[in-house]
Amino acid sequence: MKLHYVLAILLFISQVVFVQAQEQITVKEAAEITYQAKETVKAYQSLLNFVAFAENAPNELKEAIENSYSPSRNQIFYSKDAVIEDDIDPENQLGHTKDLPADKYLNTLDILYEKDIDPTITLSNFQVSHLKKKDYLYIKVFFECQFSRKDRKKQLSYPVRQRIALLRAEKRGNRWYTFISGIRFFDPSLPIESTDNDILILSDIAIAADTTQLSASGNTEAVASSDRLELAIKEYEALQEESKKKLEEEFKQAITHANQLYANQEFEEAETAYKKARELNPFNTVPLVQLIRVKKELSIRTYESYMAQAERAKKERRYEVAMDFYQKAVQKKPQATDIITRELQPLSQRVNDISSVRNRIEAGKIADAIEECDRKIKEKRKVIADYPEFFLLRGKAYLLSSDRKAKERALEDFNKAIEIDAYYQEARLIRADYLEKNGNAIGAITDYDVALANIPLGRETHSERVAIITKKVLLKKNTSNLKGAIEEYEKLIRETDQLGLTQNAEVFYEKGLLEFKKAATEQSTTEYQNADKSFSKAISLNSTLLLAYFQRGLVRFDLEKYREAAKDFFESEKLGLDSVSRKSIEWKSKTLYDGGVKALEEGQLDKAEKFFRNAIVIRPKNSLAWFKKGEVLFSRQEFETAIDHYNTAIGFTSVFPEVYYKKGLALYRLSRYNEAIQCFDQAIKQNKNYIEAYKGAGDSYQKLTNFKIAFSFYQNAITILQPDLKKAQKADNKNLVTKLKSQLAEVYHGVGQCHYNTKAYPDAIKAFDKAIEYVPDFSDAYYYRGITFLAQNNLKDAVKNISKALEYFPENPSYRYAIANAYYLKKEYGEAIKNYTTVLRIDSINTLKDTKHRRGLSFVMAQNYEKALKDFSEYNASVENGKETVFYTDYGFLYLQMKQDSLATMQFNKALLHTSEFPEALYGLACVYDTRNNTNDAMLYVEKALLSKQLNKSFVVYNEEFFLKNLRNNKVLAKRYSALKKKNLLSSPN
């Protein structure tokens with residue numbers, strides 16, 4: 001025992017010594033490596049989002065990729081040969097992929113993945129393995145990866161994929177670093193918890209102590225426990241998170257400072273500040289976006305740029321603007337002062353000439369302004385070709401004049417100014433505006449076309465071009481030239497891309513509106529799809545553009561993409577959609593609801609359900625749609641599911657008596673009568689005059705055999721209905737009269753059923769009379785009045801009433817079965833057989849299960865025993881063994897008629913097995929014994945049967961025609977038999 005213990009300690013110490021020889025890793029170092037591994041994978045996420053950033057300059061991207069695998073502060077990969085299993089193809093998965101080196105993987109991502117200005121790649125659910133070693137120290141990190149955009153090649157969405165990174169750990173100086181040497185799809189057969197190649201993590205004691213001393217002492221504290229390691233990791237993470245917070249705060253302050261410089265138009269200083277911020281967080285796209293903007297601003301603030309803009313402004317006769325650009329050019333290049341001064345002098349003189357007129361116009365001295373223009377034009381008539389400004393200014397003054405012919409004169413002057421200088425941009429634009437306001441859209445568009453052609457394509461002129469294109473769009477839109485308006489936006493989008501500028505979400509939104517309108521006008525699926533794409537692009541550029549979500553939802557609604565539409569409506573509402581637009585969403589849901597109602601009225605249940613389902617998708621709280629979808633399910637007799645839908649409707653609108661009523665009706669159909677009553681009560685509470693609910697409650701109480709309460713509900717309904725009927729009759733409202741009479745008939749029918757079930761047959765007949773009085777073709781009332789007469793043994797009226805019911809519904813199994821029974825009791829067995837046969841044909845779901853038994857009895861009474869035997873045999877095969885006492889008794893008497901007393905005995909005994917003292921079966925056994933001349937046993941069983949006082953006189957009289965002859969020929973037994981009959985027989989029929 002001691003030897004084993006010593007060997008174990010020596011083995012343990014040898015492991016410690018081996019680890020020290022190979023690599024001494026303390027618990028603190030293991031915690032540091034674990035933390036660094038997770039942070040490296042997070043940096044990998046930032047790198048992926050940087051590559052997928054839409055505004056990356058090629059040189060910036062190239063530098064970031066190279067730095068990711070080269071020695072630098074941003075190194076993530078161990079080398080550019082780090083192997084990454086390709087997940088850029090959305091269809092790639094474990095066992096179906098290819099290996100890519102890190103540099104190729106990142107360049108492929110740049111080419112094949114859809115870019116965005118926001119981060120679209122998310123890594124989550126990080127799990128870090130134990131520290132491991134083979135040829136080098138390494139650690140694994142499991143994570144889940146979600147690419148939220150699509151790949152450009154296949155236009156497929158990405159599933160969430162599980163990945164695992166292998167990171168190599170190296171100590172440089174006093175710090176540990178981790179670098180990704182490979183990333184692959186996670187294989188569940190190789191779990192992150194695997195202990196393969198795990199190394200022992202030494203406690204601080206093990207490193208501090210001498211190995212020989214450990215060996216000698218057998219110290220078991222050399223290896224850190226898993227709990228100690230976990231605690232060390234948490235402590236290290238807490239320490240590092242504090243440092244990260246400080247760095248994040250420093251980054252935030254740097255961005256704030258840079259933004260302030262940018263706002264003050266100190267672009268050179270802002271560029272330096274954004275670069276400093278980027279050094280703090282290399283893969284954050286905020287400073288990168290701002291640097292792009294800064295560079296654009298700086299690119300149009302060079303000497304050459306200012307001079308070019310000055311020349312263009314001078315050509316377009318925007319002299320003050322030209323002078324301003326010349327002044328800015330001087331600031332950029334002071335040595336050019338002499339050249340620029342020569343340019344400024346004539347411009348200054350021209351501005352002075354023009355200002356004298358402009359100032360009069362601005363001061364409201366219109367007549368003086370016109371007079372001054374006349375004077376200047378006359379003064380400079382020889383060089384008037386150099387002064388179209390005076391015609392433009394006089395035209396402007398005419399527009400402000402009250403002169404009746406001023407407008408025509410203004411247009412003449414605008415025309416003259418443009419005639420003198422076709423490139424006079426201001427005159428062109430003012431004339432275009434004049435033509436637009438005076439209903440000449442074609443002329444205005446033509447002027448805007450020329451004005452646009454005069455503006456060179458460039459970053460510094462882009463805003464001017466946008467303003468003119470926007471004007472053209474509105475003009476074409478107002479002249480119903482939707483195609484032309486859309487083409488203008490497409491031109492603007494192409495120009496923006498050509499200039500490398502950020503697209504404007506509003507442009508795509510407005511383009512989408514035009515395409516949507518065109519689609520609705522032309523009912524063009526292609527235009528709907530174009531509108532969808534435009535709104536989608538607007539959203540990708542500005543994820544808070546709520547109207548883009550709303551309009552895309554409307555487009556998708558029209559494309560019958562209801563689930564996608566609903567998501568867009570939800571997003572727009574989350575962002576604060578206005579109440580009018582919210583109402584339009586509700587209206588969309590209602591149009592689907594209305595379609596469902598129409599389909600339901602036409603009996604198209606599948607179509608109706610689809611409409612209601614989509615109405616709910618668009619507006620999940622549409623209680624009416626939930627109710628009506630429940631109605632569809634009710635019509636299919638899917639009562640449980642219908643109840644679920646009714647409950648949902650009630651959850652959204654608690655005051656909804658119709659739903660409570662229909663829920664009650666569904667529960668009634670499921671025989672859950674107490675629950676049904678609760679629903680009917682609730683419907684009545686919400687609507688005191690809800691006749692159908694009173695009727696439903698009455699019917700439910702009848703099923704519970706509480707006829708007194710049932711009767712009270714019916715009476716309440718009658719109390720409400722009768723005064724209403726009188727009012728309707730007085731007002732000669734025929735439709736209402738018909739409705740109220742129908743309701744009264746139904747309620748009186750319920751009253752009649754109550755009386756029938758309590759055997760108050762005269763009252764029942766009166767109630768059915770009333771029902772028929774209100775609705776003369778009420779077949780069920782005739783049927784029930786017929787079976788009430790049947791219960792009174794009034795066979796003539798029974799047949800008459802049931803026959804009347806059959807006139808309306810000749811294929812009703814219950815009616816046909818009832819008249820067959822009536823004919824049986826009338827001893828018209830041929831008619832009974834004929835009607836039972838019809839029942840067997842039309843009762844497809846076998847609701848009247850004993851029809852063959854009844855027809856068999858009719859055959860017995862008609863003494864057609866072979867056919868009776870066939871019916872009894874078939875019926876016997878379908879019944880549950882031992883639970884048909886009456887049938888087995890009848891079966892026994894049939895065998896007696898057929899002289900098969902043994903089989904008769906067997907059937908009588910089966911009847912008695914289920915009901916031990918069943919009198920008819922006892923009487924049957926007496927008949928068996930009598931046929932065997934065993935009159936004593938016959939008398940014994942007859943006595944038992946008669947003493948039960950349950951035998952009917954007609955039953956005995958009928959059977960005496962065929963049986964008990966030996967007993968009745970025995971004077972002593974006959975006398976005793978007669979006395980028993982006299983004292984115990986029932987005189988009324990069963």
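As a reminder, the structure under discussion sits directly above these lines.
Structure report, in brief. Every chain's residues receive numbers from 1 upward, in the order its sequence appears when written. Predicted model: local features are reported for residues with pLDDT of at least 70 only, side-chain atom pairs are reported and counted for 80 or more only, and whole-chain, interface and lining totals are derived from all residues. The side-chain figures draw on all heavy atoms in the structure; neither hydrogens nor water molecules are used.

1. A few points about the overall build of the chain
Now for step 1: Only runs of H or I of at least four residues qualify as helices and only runs of E of at least two qualify as strands under DSSP, and these elements are numbered from the N terminus. Each helix and strand in the chain was counted, giving 46 helices and seven strands.
Now for step 2: Its C-alpha atoms give the chain a radius of gyration of 49 Å, clearly above 30 Å, the size a compact globule of 990 residues would have.
Now for step 3: Projected onto the principal axes, the alpha-carbon positions of the chain cover approximately 160 × 120 × 45 Å.
Now for step 4: Buried residues are those whose accessible area, probed at 1.4 Å on protein chains only, stays under 20% of the maximum for their type, while exposed residues exceed 50% and partly exposed ones sit between those limits. For the chain, buried positions account for 49% of its 990 residues.
Now for step 5: Taking contacts inside the chain between residues at least 6 apart in sequence as the whole, the part at least 24 apart equals 56%.
Now for step 6: Counting only carbon and sulfur atoms, one obtains 50% of the accessible surface of the chain, whose full area is about 50,900 Å². As defined in this context, the radius of gyration uses C-alpha atoms, and a globule is described by 2.2 Å times the residue total to the power 0.38. Throughout, a contact is declared for two residues whenever any of their heavy atoms are within 4.5 Å. Note on areas: Shrake-Rupley, 1.4 Å probe, and residue coverage restricted to the protein chains presented here.

2. A few points about the pattern of salt bridges
Now for step 1: Salt bridges are counted wherever a side-chain nitrogen of Lys or Arg sits within 4 Å of a carboxyl oxygen of Asp or Glu. As enumerated under the stated definition, the model contains 68 salt bridges in all.
Now for step 2: The shortest N-O distance in the salt bridge between Arg375 and Glu372 comes to 2.7 Å. Of the two residues, Arg375 and Glu372 both sit in helix α13 (residues 366-379), three residues apart, roughly one turn of that helix.
Now for step 3: The class for Glu372 is buried, based on a relative accessible area of 9%.
Now for step 4: Residues Arg841 and Glu811 are paired through a salt bridge, measuring 3.3 Å at the closest nitrogen-oxygen approach.

3. Section: unusual backbone geometry
Now for step 1: Phi is positive for Lys827, which is not a glycine, with a value near 65°.
Now for step 2: For Lys827, a relative accessible area of 62% puts it in the exposed group.
Now for step 3: In this structure, Lys899 is a non-glycine residue whose phi angle is positive, near 65°.
Now for step 4: With respect to the element layout, Lys899 can be found in the loop between α40 (885-897) and α41 (901-914).

4. Considerations on the packing of helix α19 (residues 482-498) against helix α20 (residues 505-522)
Now for step 1: For helices, the fitted line uses only the C-alpha atoms of the stretch in contact; every axis is such a line through C-alpha atoms, and the angle between N-to-C directions lies from 0 to 180 degrees. Taken N-terminus to C-terminus, the directions of α19 and α20 make an angle of 155°; their axes are 10 Å apart at the nearest point. With respect to their mutual orientation, α19 and α20 come out roughly antiparallel. The handedness of the crossing between α19 and α20 is left-handed. In this structure, α19 contributes Leu482, Lys483, Ala485, Ile486, Tyr489, Glu490, Leu492 and Ile493 to the contact, and α20 contributes Val507, Phe508, Glu510, Lys511, Leu514, Glu515, Lys517 and Lys518.
Now for step 2: Charged residues are taken to be Asp, Glu, Lys and Arg, nonpolar residues to be Ala, Val, Leu, Ile, Met, Phe, Trp, Tyr, Cys and Pro, and polar residues to be all remaining types, Gly included. When the residues that make up the contact of α19 with α20 are grouped by side-chain class, the tally is nine nonpolar, no polar and seven charged. Convention used here: angles under 35 degrees read as roughly parallel, angles over 145 as roughly antiparallel, angles from 65 to 115 as roughly perpendicular, and any remaining angle as oblique. Helix crossings fall into two classes, left-handed where the near helix is turned counterclockwise from the far one by less than a right angle and right-handed where it is turned clockwise.

5. Describing the environment of Asn757
Now for step 1: The topology assignment puts Asn757 in helix α32 (residues 734-757).
Now for step 2: Here Asn757 falls in the partly exposed class, since its relative accessible area comes to 41%.
Now for step 3: Separated by 108 residues in sequence, Asn757 and Ala649 have C-alpha atoms that sit 36 Å apart.
Now for step 4: Apart from the residues within four sequence positions on either side, Asn757 is in contact with Gln702 and Phe707.

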